Amino acid sequence: MTDLRDICRRGRRIGAGLVNGTKVETETGWRRVEQLVPGERIHTFDSGPTVLRGVVRASYGADLPMVYPEGLTLVPGGALGNCEGFYVLPDQCVMFSGSAVQGMTGQDRALVAGRDLAGHGQIGLAMPVDGIEVFRLMFDDEEVVFANTGVLMHCPAPEHESTTESHFHVLDTAAAELLMSCRFLAGRRPAIREREKGITAAL
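Rules behind the numbers
- Residues numbered from 1 in each chain as written.
- Predicted model: local features only at pLDDT ≥ 70, side-chain atom pairs only at ≥ 80, totals over all residues.
- Heavy atoms only, no water.
- Helix = DSSP H or I, 4+ residues; strand = E, 2+ residues; numbered from the N terminus.
- Phe/Tyr/Trp six-rings, centres within 6.5 Å; stacked < 30°, edge-to-face > 60°.
- Buried < 20%, exposed > 50% of the residue type's maximum accessible area, 1.4 Å probe, protein only.
- Contact = heavy atoms within 4.5 Å.
- pLDDT = per-residue confidence, 0-100.
- Core = buried A, V, L, I, M, F, W, Y, C linked by side-chain atoms within 4.5 Å.

Engineer: Can you lay out unusual backbone geometry for me, pointing to particular residues and giving the numbers?
Structural biologist: Not every positive phi belongs to a glycine, and asparagine 148 is a case in point at roughly 50°. Positionally, asparagine 148 belongs in the loop between β14 (143–147) and β15 (151–155). Look at threonine 149: it is not a glycine, yet its phi comes out positive at around 70°. Tracing the sequence through the fold places threonine 149 in the loop between β14 and β15.

Engineer: Explain the packing of aromatic side chains to me, using residue names and the numbers behind them.
Structural biologist: Using the criterion set out here, one finds two aromatic pairs in the structure. Residues phenylalanine 45 and phenylalanine 146 carry aromatic rings whose centres are separated by 6.4 Å and whose planes lie at 45° to one another, so their mutual orientation is tilted. Here phenylalanine 45, found in the loop between β5 (41–44) and β6 (48–51), pairs with phenylalanine 146, found in strand β14; they are 101 residues apart in sequence, far enough to count as distant. Here phenylalanine 45 falls in the partly exposed class, since its relative accessible area comes to 31%. For phenylalanine 146, a relative accessible area of 24% corresponds to the partly exposed category. Taking 5.4 Å as the distance between ring centres and 75° as the angle between the ring planes, the aromatic pair formed by tyrosine 60 and tyrosine 68 counts as edge-to-face. Tyrosine 68 matches tyrosine 60 in its accessibility class, with the two residues each being buried.

Engineer: Residues and numbers for the environment of proline 69, please.
Structural biologist: Mapped onto the elements, proline 69 comes out in the loop between α2 (64–67) and β8 (72–75). Sequence-wise, proline 69 and methionine 127 are 58 residues apart; in three dimensions their C-alpha atoms are separated by 8.7 Å. What proline 69 contacts, discounting residues up to four positions off in sequence, is Arg13 and Met127.

Engineer: I'd love a proper account of the confidence of the model for the protein chain, names of residues and values included.
Structural biologist: Per-residue confidence for the protein chain gives a mean pLDDT of 85; residues scoring 70 or more make up 83%. Taken as a whole, residues 5–9 scores under 50 in pLDDT and shows ten contacts with residues more than four places along the chain or in a different chain. A low-confidence stretch, residues 187–203 stays under pLDDT 50, and its non-local contacts, those more than four residues away or across chains, total zero contacts.

Engineer: Give me the nonpolar core: which residues, what numbers.
Structural biologist: Val75, Leu80, Phe96, Leu117, Leu137, Val145 and Met153 are the most contacted members of the largest nonpolar core, which totals 33 residues. Sorting the residues of this core by element identifies β9 (86–88), β10 (93–97), β11 (109–113), β13 (132–138), β14, β15 and α4 (173–202) as the ones contributing at least two each. If one sorts the elements of this core by residue count, α4 sits on top with five residues. When residues no more than four places from it in sequence are discounted, the contact partners of methionine 153 are Leu18, Phe86, Val88, Gln92, Cys93, Val94, Glu143, Val144, Val145 and Ala147. Ranked by size, the runner-up nonpolar core spans eleven residues in total, among them Ile14, Leu64, Val67 and Val134.

Engineer: So what about the environment of glycine 61? Which residues, and what values?
Structural biologist: Locating glycine 61 in the fold gives a position in the loop between β7 (54–60) and α2. A relative accessible area of 36% means that glycine 61 is categorised as partly exposed. Measuring from C-alpha to C-alpha, the distance between glycine 61 and glutamate 133 comes to 8.6 Å, with 72 residues separating the pair along the chain.

Engineer: Explain the side chain of histidine 120 to me, using residue names and the numbers behind them.
Structural biologist: Relative to the helices and strands, histidine 120 resides in the loop between β11 and β12 (124–126). Owing to a relative accessible area of 6%, histidine 120 belongs among the buried residues under this scheme. When near neighbours in sequence (up to four residues on either side) are disregarded, histidine 120 contacts Glu177, Met180, Ser181 and Phe184.

Here is the structure:
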């Protein structure tokens, strides 16, 4: 495993990676990303159980606000179907699918950067006070892994630093805003209908 701690002290920003505490589905069950080791098999969206070839670890403490001045995205439990809250890097992409994605892109799936998740539902920006560790999972090729039971997290190909070099469609900020708005509006519709029924019954 490669340790980039010294590089990060000099302001090295890791674009795609999972923050410590995030649970990843492996062949033997759910494990926190900091417990993963090269050689084990990770469940991936397209390829099934896939061998983890390497893990790049980066540690941030007092330098975190300088490296990620915009903050991290805090996704509370249940916001995206996740079992518990977790942090997402601003450049780390989450994969979405469904009719809204199909209608917007003509493709079955699309990627949304972590920064573009904020502002929808209870998802917001935060700066962890105790610092973080970031783990970039390395496979033979680009993969998407299952995180915290309900979230699909993109892992770029080993030779790529960012998700912009991907065979998936990466939504720009405006398109991501529209997709997230549609997603959360759809989620609120049953509650809205129930509230409307209650108002009607009271009249």
